[in-house]
Number of protein chains: 2
Amino acid sequence: MRNVAIVGVGQTEVGEHWGTSLRHLSLEAIQSAMADAGVMNADALYVGNMLSGELEGQEHLGALVADFAGLRGIEAFKVEAACASGAAALRMGYIAVAGGLADIVIVVGVEKMTDTLGPDTTTALAMAADADYEAAQGASFVTLNALLMRRYLHQYGYGHKDFAPFAVNAHRNAVNNPYAMFRFPVTAEKFAKARMISDPINLLDSSPICDGAAAVVLTAEAQSQAYSMAPVRIAASSVGTDTLAIHDRRDPLVLEGARLSGHRAYEQAGIGPADIDLFELHDAFSIMATLSLEAAGFAEKGEGLQLALEGQINLGGHIPITTMGGLKARGHPVGATGLYQIVEVVQQLRGLAGENQIPGARLGMAQNIGGSGATVITHILERLSD
Amino acid sequence: MRNVAIVGVGQTEVGEHWGTSLRHLSLEAIQSAMADAGVMNADALYVGNMLSGELEGQEHLGALVADFAGLRGIEAFKVEAACASGAAALRMGYIAVAGGLADIVIVVGVEKMTDTLGPDTTTALAMAADADYEAAQGASFVTLNALLMRRYLHQYGYGHKDFAPFAVNAHRNAVNNPYAMFRFPVTAEKFAKARMISDPINLLDSSPICDGAAAVVLTAEAQSQAYSMAPVRIAASSVGTDTLAIHDRRDPLVLEGARLSGHRAYEQAGIGPADIDLFELHDAFSIMATLSLEAAGFAEKGEGLQLALEGQINLGGHIPITTMGGLKARGHPVGATGLYQIVEVVQQLRGLAGENQIPGARLGMAQNIGGSGATVITHILERLSD
């Protein structure tokens with residue numbers, strides 16, 4: 001098995017791209033990543049996407065995007081794991097390069113959610129949940145997360161206002177990210193007064209519906225210096241799964257898939273949570289951020305919120321999260337999110353995160369979650385240059 | 001890179017499964033395949049499926065099926081490449097095992113097309129074509145194939161009746177396949193009188209809308225004897241892509257993706273078309289069967305139909321195709337088809353194809369086509385036992 005390195009990254013601005021199609025968004029991200037790596041071709045292209053069929057009436061994105069990106073003829077597929085589709089596509093690219101079946105692989109995540117030919121976007125997103133036993137009962141994605149948040153507040157005695165630090169941190173960090181959707185700060189007061197979406201989840205607990213694409217170029221570490229002056233090693237790549245339906249879990253407040261995925265990643269990288277310099281977690285809702293901090297070993301059960309309240313999740317804290325704005329403020333184009341997280345960790349490890357730079361960052365972790373924790377994909381990235 | 005072997009296969013009957021859900025169909029195929037291989041667990045599960053979101057309101061099949069099959073926690077994704085989704089999932093499993101990243105992988109293809117919560121099935125299938133430049137103009141999948149068939153008739157001077165041997169051969173072979181949807185023979189006379197669907201494509205040129213699931217268990221060849229007395233080697237696994245839109249191709253009657261995919265497969269296996277004992281091709285429409293025979297090197301351009309007219313595609317012929325009924329008569333549950341083809345080739349190589357057995361079959365090829373030839377995935381399987 002070969003070590004795998006990321007030698008190029010690219011991303012589009014996240015936002016409402018009414019004038020730009022799925023294929024154009026993909027192209028923009030892929031071209032940036034290929035230019036960054038200085039590659040003109042590839043052995044394979046894996047596309048992470050969740051909803052192109054439901055919303056745009058377009059399946060078969062692999063061949064479509066390959067052709068439009070000037071790569072006609074190469075191996076290409078779409079990989080789907082709900083909101084974890086982006087990281088799932090990366091995982092496929094990792095496997096192909098690590099196993100020696102491909103030398104150069106491009107991975108792109110893309111989603112276009114703001115316009116739809118089919119069902120409304122909230123209905124489409126609920127397809128990440130159990131269609132027969134959750135969605136058929138009327139549950140949407142936000143109502144399922146609201147159940148978890150309500151249970152968390154009840155079980156551990158927190159108040160809703162205690163979740164404010166996640167939105168405040170994410171928005172503050174997005175100000176300096178030119179690719180972010182919401183480049184303005186929010187305060188704890190604004191958080192407390194935000195419009196209710198699904199009690200107790202309010203607008204500022206929630207990531208937005210938006211469009212975007214992000215891409216990376218992978219190759220074997222041994223040849224990575226030929227493509228990049230600052231290659232980044234994928235020190236771990238792991239997947240953990242759980243039940244789709246929350247009611248099938250022993251404890252709904254334990255993300256067992258995240259625990260498994262994190263454990264496997266730490267083992268592969270030979271490190272523990274204390275070694276991680278920054279953590280791009282899956283803050284689709286603030287309750288998901290809390291549960292994921294706990295499942296990844298940064299806090300005990302019921303104490304994830306404490307880290308946020310103490311400021312440990314901020315840029316200067318013990319475990320900085322959402323350093324470029326996270327799903328909350330950079331935006332969450334679902335199938336693209338996993339790749340945005342990776343691109344941002346690479347920026348940090350290259351020392352190119354500008355005012356949001358974590359000094360001396362060497363090990364960054366990204367975790368992409370599908371559904372309410374049913375698919376959890378973890379990548380640990382490591383800076384190779386000094 | 002390790003050699004990969006298939007050590008277990010399973011399939012459900014193809015048909016209209018009104019009382020059986022997507023997860024139950026998957027389970028049935030997976031349980032059969034696991035029992036066949038004698039495995040109780042796996043490192044990963046890859047699910048080939050095209051339309052679960054559009055038709056059933058269910059994405060995120062990887063985690064869902066893994067959990068329902070008793071494999072909760074393992075790595076699991078959905079892989080999509082339109083009608084080639086099944087073979088795309090197999091390709092992913094092949095990569096994972098060949099590269100040494102997994103020891104036991106289960107691959108399942110599943111599709112449930114007969115009932116739908118969303119758009120009608122014909123509209124959903126058109127998502128395999130270019131949404132902006134084909135489907136938006138009103139083209140469906142059958143009308144696109146009708147254009148190709150009309151062009152073929154015009155360019156090479158055949159009559160529509162010359163396509164009859166494909167349906168006659170497929171239906172005759174399906175009679176002996178207990179898993180096939182249409183277990184009755186048809187005659188050339190019946191073909192000539194069949195109801196028109198999209199001129200010149202009639203009902204007997206077309207594969208049916210149906211439900212089904214098929215699965216295989218993969219492992220490294222070196223350890224395959226521990227799981228199967230008759231392991232089958234994957235001698236080649238390859239992908240070729242082309243434009244989604246037919247109008248973007250230099251010659252619409254040349255499946256360039258199939259030519260590429262076949263060429264790569266022959267090269268990997270170190271063989272040529274003459275060495276293939278049977279060919280499970282993608283006869284979604286009879287014109288696709290013709291073009292695929294030509295692209296895979298069994299006939300010159302414009303002469304694929306000649307093979308059929310001479311009876312060379314029949315069980316006793318030079319290159320037997322659709323030996324268990326093919327897409328036409330076994331049925332074409334789109335995301336499952338690629339795995340049905342593989343299961344059938346394995347049956348032939350194990351010598352368990354009953355009355356349809358190709359005597360002494362040693363090398364079988366399966367080719368799964370997405371869209372009108374935009375993704376073409378070829379697997380060559382080889383019998384290891386004597």
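What counts and what doesn't
Residues numbered from 1 in each chain as written. Chains lettered and ligands numbered in written order. Predicted model: local features only at pLDDT ≥ 70, side-chain atom pairs only at ≥ 80, totals over all residues. Heavy atoms only, no water. pLDDT = per-residue confidence, 0-100. Contact = heavy atoms within 4.5 Å. Buried area = accessible area lost by both parts, 1.4 Å probe. Salt bridge = Lys/Arg side-chain N within 4 Å of Asp/Glu carboxyl O. Helix = DSSP H or I, 4+ residues; strand = E, 2+ residues; numbered from the N terminus. Polar contact = N/O pair within 3.5 Å; in protein donor to acceptor, adjacent residues only side chain to side chain. Least-squares fit on C-alpha atoms with pLDDT ≥ 70 in both. Core = buried A, V, L, I, M, F, W, Y, C linked by side-chain atoms within 4.5 Å. Buried < 20%, exposed > 50% of the residue type's maximum accessible area, 1.4 Å probe, protein only. Expected span 1.5 Å × (residues − 1). Pairing = 2+ DSSP bridges. Phe/Tyr/Trp six-rings, centres within 6.5 Å; stacked < 30°, edge-to-face > 60°. Lys NZ or Arg CZ within 6 Å of the ring centre and 35° of its normal. Axes fitted to C-alpha atoms, helices over the stretch in contact; angles between N-to-C directions. Parallel < 35°, antiparallel > 145°, perpendicular 65-115°, else oblique. Left-handed = near helix turned anticlockwise from the far one by under 90°. Nonpolar A, V, L, I, M, F, W, Y, C, P; charged D, E, K, R; others polar. Disulfide = S-S within 2.5 Å.

**Topic: the confidence of the model for chain A**
For residues with low pLDDT, the predicted coordinates do not support detailed interpretation.
Reasoning step 1: When pLDDT is averaged across chain A, the result is 97; 100% of the residues are at 70 or more.
Reasoning step 2: Here the complex is predicted with pTM 0.98, and the ipTM for its interfaces comes to 0.98.

**Focus on the interface of chain B and chain A**
Reasoning step 1: With 57 residues of chain B at the contact, the number on the chain A side is 57 residues.
Reasoning step 2: Buried surface at the junction of chain B and chain A, summed over both partners, amounts to about 4400 Å²; 57% is from carbon and sulfur atoms.
Reasoning step 3: In terms of surface lost to chain A, no three residues of chain B exceed His60, Phe77 and Leu101 of chain B, which account for 16% of the buried area on that side.
Reasoning step 4: The tally of links between chain B and chain A comes to six salt bridges.

**Digging into the environment of Tyr94 of chain B**
Reasoning step 1: By the element assignment, Tyr94 of chain B lies in helix H4 (residues 85–98).
Reasoning step 2: Along the chain, Tyr94 of chain B and Ala42 of chain B lie 52 residues apart, while their C-alpha atoms are 14 Å from each other.
Reasoning step 3: Excluding anything up to four places from it in sequence, Tyr94 of chain B contacts Leu101 of chain A together with Met1, Val4, Leu218, Ile234, Ser237 and Gln268 of chain B.
Reasoning step 4: Looking at Tyr94 of chain B, its side chain comes within polar contact range of the side chain of Gln268 of chain B, at 2.9 Å.

**Topic: the side chain of Gln347 of chain A**
Reasoning step 1: Along the polypeptide, Gln347 of chain A turns up in helix H13 (residues 334–349).
Reasoning step 2: Beyond its immediate sequence surroundings of up to four residues, Gln347 of chain A is in contact with Gln11, Met324, Leu352, Ala353 and Gln357 of chain A.

**A few points about the relation of the copies chain B and chain A**
The pair of chain copies shares a relation made of a rotation about an axis and a shift along it.
Reasoning step 1: With an RMSD of 0.0 Å, chain B superimposes on chain A once it is rotated by 180° and translated 0.0 Å along the axis. Considering both components of the superposition, the chain copies are consistent with a two-fold axis. Taking C-alpha positions as the reference, the residue of chain B nearest the rotation axis is Gly99 of chain B, at 1.7 Å.

**Examining the nonpolar core**
Reasoning step 1: Ranked by size, the top nonpolar core spans 92 residues in total, and within it Tyr46 and Val216 of chain A together with Tyr46 and Val216 of chain B carry the most contacts.
Reasoning step 2: Excluding anything up to four places from it in sequence, Val216 of chain A contacts Ile6, Gly8, Val9, Ala33, Leu90, Val105, Ile106, Val107, Leu339, Ile342 and Val343 of chain A.

**A few points about H13 of chain A**
Since one α-helical turn is 3.6 residues long, residues separated by three or four positions face the same way.
Residue and element names in this part refer to chain A.
Reasoning step 1: Along its 16 residues, H13 runs 24 Å from first to last C-alpha, staying within 8% of the 22 Å computed at 1.5 Å per residue.
Reasoning step 2: Among the 16 residues in H13, 16 count as buried, and that is most of the element.
Reasoning step 3: Phi turns positive one or two residues past the end of H13, at Gly351, with a value near 75°.

**A word on the pairing of strand E7 (residues 211–220) of chain B**
All names here are of chain B.
Reasoning step 1: The buried count for E7 comes to 10 of 10 residues, which makes it a mostly enclosed element.
Reasoning step 2: Of the pairings in the sheet, the one linking strand E1 (residues 4–11) to E7 comprises seven bridges and is antiparallel in character. Each bridged residue has a counterpart across the sheet, and for Gly10 the counterpart in E7 is Ala215.
Reasoning step 3: In the sheet, strand E4 (residues 104–112) pairs with E7 via nine bridges, with the strands oriented antiparallel. Within the sheet, the bridge partner assigned to Val105 lies in E7 and is Leu218.

**Let's talk about the packing of aromatic side chains**
Reasoning step 1: This model, assessed by the stated rule, comprises 14 aromatic pairs over all chains.
Reasoning step 2: Look at Phe279 of chain A and Phe298 of chain A: their rings are 5.2 Å apart centre to centre, the planes differ by 35°, and that puts the pair in the tilted class. Here Phe279 of chain A, found in strand E9 (residues 278–280), pairs with Phe298 of chain A, found in the loop between helix H10 (286–295) and helix H11 (304–309); they are 19 residues apart in sequence, far enough to count as distant. Pair check on accessibility: Phe279 of chain A and Phe298 of chain A agree, each one buried.
Reasoning step 3: Centroid distance Tyr152 of chain B to Tyr156 of chain B: 4.8 Å. Interplanar angle 65°. Geometry classified as edge-to-face. Of this pair, Tyr152 of chain B and Tyr156 of chain B both sit in helix H6 (residues 141–156), four residues apart, roughly one helical turn.
Reasoning step 4: Taken together, Tyr152, Tyr156, Tyr158, Phe163 and Phe166 of chain A form an aromatic cluster joined through their ring pairs.
Reasoning step 5: Above the plane of the ring of Phe68 of chain A lies Arg23 of chain A, whose end atom (NZ or CZ) is 5.9 Å from the centre.

**Here we look at the packing of helix H1 (residues 22–37) of chain B against helix H3 (residues 61–68) of chain B**
Residues and elements named next belong to chain B.
Reasoning step 1: Remark: H1 packs on H3, axes separated minimally by 9 Å, with the N-to-C direction vectors making an angle of 60°. As judged from the angle between their axes, H1 and H3 are oblique. Handedness of the crossing formed by H1 with H3: right-handed. In contact with Leu22, Arg23, His24, Ser26, Leu27 and Ile30 of H1, H3 contributes Leu61, Leu64, Val65 and Phe68.
Reasoning step 2: Classifying every residue of the contact of H1 with H3 gives seven nonpolar, two polar and one charged.

**Some points on the state of the cysteines**
Residues and elements named next belong to chain A.
Reasoning step 1: Applying the stated rule across the entire model yields zero disulfides over all chains.
Reasoning step 2: Not part of a disulfide, Cys83 finds its nearest cysteine sulfur in Cys210, a span of 11 Å.
Reasoning step 3: Looking at Cys210, the relative accessible area reads 0%, which means it is buried.

**Considering H4 of chain B**
All names here are of chain B.
Reasoning step 1: Across its 14 residues, H4 extends 20 Å between first and last C-alpha, which sits within 8% of the 20 Å expected from 1.5 Å per residue.
Reasoning step 2: Of all 14 residues that make up H4, 14 are buried, and the element is covered over most of its length.
Reasoning step 3: Gly100 lies just past H4 and shows a positive phi near 85°.

**Focus on the packing of helix H4 (residues 85–98) of chain A against H13 of chain A**
Residues and elements named next belong to chain A.
Reasoning step 1: Packing of H4 against H13 leaves a shortest axis separation of 5 Å and a crossing angle of 65°. Facing H4, whose interface residues are Ser85, Gly86, Ala87 and Leu90, H13 presents Gly335, Gly338, Leu339 and Ile342.
Reasoning step 2: Class assignment for the residues of the contact of H4 with H13 results in four nonpolar, four polar and no charged.

**Focus: the side chain of Ser206 of chain B**
Residues and elements named next belong to chain B.
Reasoning step 1: In this fold, Ser206 is placed in the loop between strand E6 (201–202) and E7.
Reasoning step 2: Accessibility expressed as a relative area gives 10% for Ser206, which makes it buried.
Reasoning step 3: Within polar-contact distance, the side chain of Ser206 engages the backbone oxygen of Asn202 at 3.0 Å.
Reasoning step 4: Apart from residues lying up to four places away in sequence, Ser206 is in contact with Ile197, Ile201, Ala284, Phe285 and Lys328.

**Re the pattern of salt bridges**
Reasoning step 1: This model, assessed by the stated rule, comprises 36 salt bridges over all chains.
Reasoning step 2: Among the ionic pairs, Asp162 of chain A bridges to Lys161 of chain A, the shortest N-O distance being 3.6 Å.
Reasoning step 3: Measuring nitrogen to oxygen at the nearest pair gives 3.0 Å for the salt bridge that ties Asp36 of chain B to Arg350 of chain B. Pair noted here: Asp36 of chain B is in helix H1 and Arg350 of chain B is in the loop between helix H13 (334–349) and strand E10 (363–370), with a separation of 314 residues, a long-range link.
Reasoning step 4: Residues joined by salt bridges that share partners form a network here, namely Glu221, Arg233, Arg362 and Glu382 of chain A.

**Remarks on the pairing of strand E2 (residues 44–48) of chain B**
All names here are of chain B.
Reasoning step 1: Buried residues dominate E2, accounting for five of its five residues.
Reasoning step 2: By the alternation rule, side chains of E2 split into Ala44, Tyr46 and Gly48 and Leu45 and Val47, which are all buried.
Reasoning step 3: By the bridge criterion, five bridges tie E2 to strand E3 (residues 75–80) in an arrangement that is parallel. Residue pairing in the sheet places Ala44 in a bridge with Glu75 of E3.

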